[in-house]
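A structural walkthrough
Spelled out, the chains give:
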Amino acid sequence: MPSADVLLLCPVCSAPLEHQEAKGGRHPRLACPNGHSFDAARQGYFNLLVGKGSPFEPDSAAMVASRFNFLGDGHYRPMAQALAAAVVPNLPAAGAVVLDSGTGTGHYLREILDAAAAAGRQASAIGLDISKFALRRAARLNPETVNLVWDIWQPFPVESNSVDAVTVVFAPRNPAEFARVLRPTGVLVVVTPRSGHLAELAEVTGMLGIEEGKDERLAVAMAGHFEAESTLDVDVALELSRTAAADLAFMGPAGHHLDRDRLAARLEDVPEPLAAQAKFRLFIFRPGTRDAP
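These notes cover the structure that comes with them. Source: prediction; values computed, not measured.

**Things to note about the packing of helix α2 (residues 77–87) against helix α3 (residues 107–118)**
- Contact geometry of α2 with α3 gives a least axis separation of 9 Å together with a crossing angle of 50°. It follows that α2 is oblique to α3 by the angle criterion. When you trace α2 past α3, the crossing you get is right-handed. Between α2 and α3, the contacting residues are R77, M79, A80, Q81, L83, A84 and V87 on the first element and Y108, E111, I112 and A115 on the second.
- Class assignment of the residues belonging to the contact of α2 with α3 gives a composition of eight nonpolar, one polar and two charged.

Structure, rendered in structure tokens:
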């Protein structure tokens, strides 16, 4: 278990969670001094949701499988490399902690951890996601990471001022919690799609279009918590098989209302390879200066 587990808080009473090794046929667990405990799932992640859980619909097993296949084939790796390049130079040489909010299958976090190791920086990580299906994949890909089922809209089960970098790739954003857990010297990197992202595939697959004003809404949401430092645009030219195109369409939000078989049928007569342009924007934020009370 990586050192990041000492940064975790009990979701019931907010006391520190301690990792307890497996013994006597029992799975590893996270436990607090007040007797609340959470056993690891067989795949290695922990579910810390308590009470009624989350009202939000998590990605399904089929959506996650499509994402795992698509990202595993490296189609978005140039963006993942750009993300790692934005994060790793901001990490201390030892004891760094990265929090990947909405970690999904863990592919982007894997790129960051590998880049940190190549740069000689010791880093541990926490991955949060609402989908247990995604975390099953993430826990296998990133076994050294503390992978947690969690609702991003709830206060994170993570100590304040304990994280060096927060990353958010195509996931919901909770600026107040990002600001709380980040150290004053930390960095927040948010990745969003730009206008025209995958426009070539949207009509044929039924993918959702990019809403107007996304950048403006992001700036408003971050105001009061963060200061914008810079942005970086990354374009990735894609040449996809019909199967990869179906995976791409089904792995995102559109997967909640698309039927995978019908999607494949819509692509049957489309010539291969299918050309498309992925357009990303990386936003780099720093914790803002808070006014004294």
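**Section: the sheet that holds strand β1 (residues 18–20)**
- Read across the open sheet, the three strands follow the order β1-β2-β3; overall the sheet is antiparallel. Both edges of this open sheet fall to β1 and β3 (37–39), since each of them pairs with a single strand only. Neighbour-to-neighbour, the strand axes of this sheet turn through a mean angle of 25°, independent of strand direction.
- Strand direction decides the pairing type here: strand β2 (residues 29–31) and β3, joined by three bridges, are antiparallel. Counterpart to A31 in the pairing with β3 is S37.

**A word on the pattern of salt bridges**
- One pass over the structure, following the stated rule, counts 13 salt bridges.
- One salt bridge connects R194 with D233, and the closest N-O pair in it is separated by 3.7 Å. Taken as a pair, R194 in the loop between β9 (182–193) and α6 (199–205) and D233 in strand β10 (residues 226–240) lie far apart in primary sequence, 39 residues in all.
- When its relative accessible area of 14% is taken as the criterion, R194 is described as buried.
- Ionic contacts of the salt-bridge type, sharing partners, join the residues R194, D215, D233, D235 and R281 into one network.

Conventions used here
Residues numbered from 1 in each chain as written. Predicted model: local features only at pLDDT ≥ 70, side-chain atom pairs only at ≥ 80, totals over all residues. Heavy atoms only, no water. Axes fitted to C-alpha atoms, helices over the stretch in contact; angles between N-to-C directions. Helix = DSSP H or I, 4+ residues; strand = E, 2+ residues; numbered from the N terminus. Parallel < 35°, antiparallel > 145°, perpendicular 65-115°, else oblique. Left-handed = near helix turned anticlockwise from the far one by under 90°. Contact = heavy atoms within 4.5 Å. Nonpolar A, V, L, I, M, F, W, Y, C, P; charged D, E, K, R; others polar. Pairing = 2+ DSSP bridges. Salt bridge = Lys/Arg side-chain N within 4 Å of Asp/Glu carboxyl O. Buried < 20%, exposed > 50% of the residue type's maximum accessible area, 1.4 Å probe, protein only.

The values reported here are purely geometric and, on their own, carry no functional implication.
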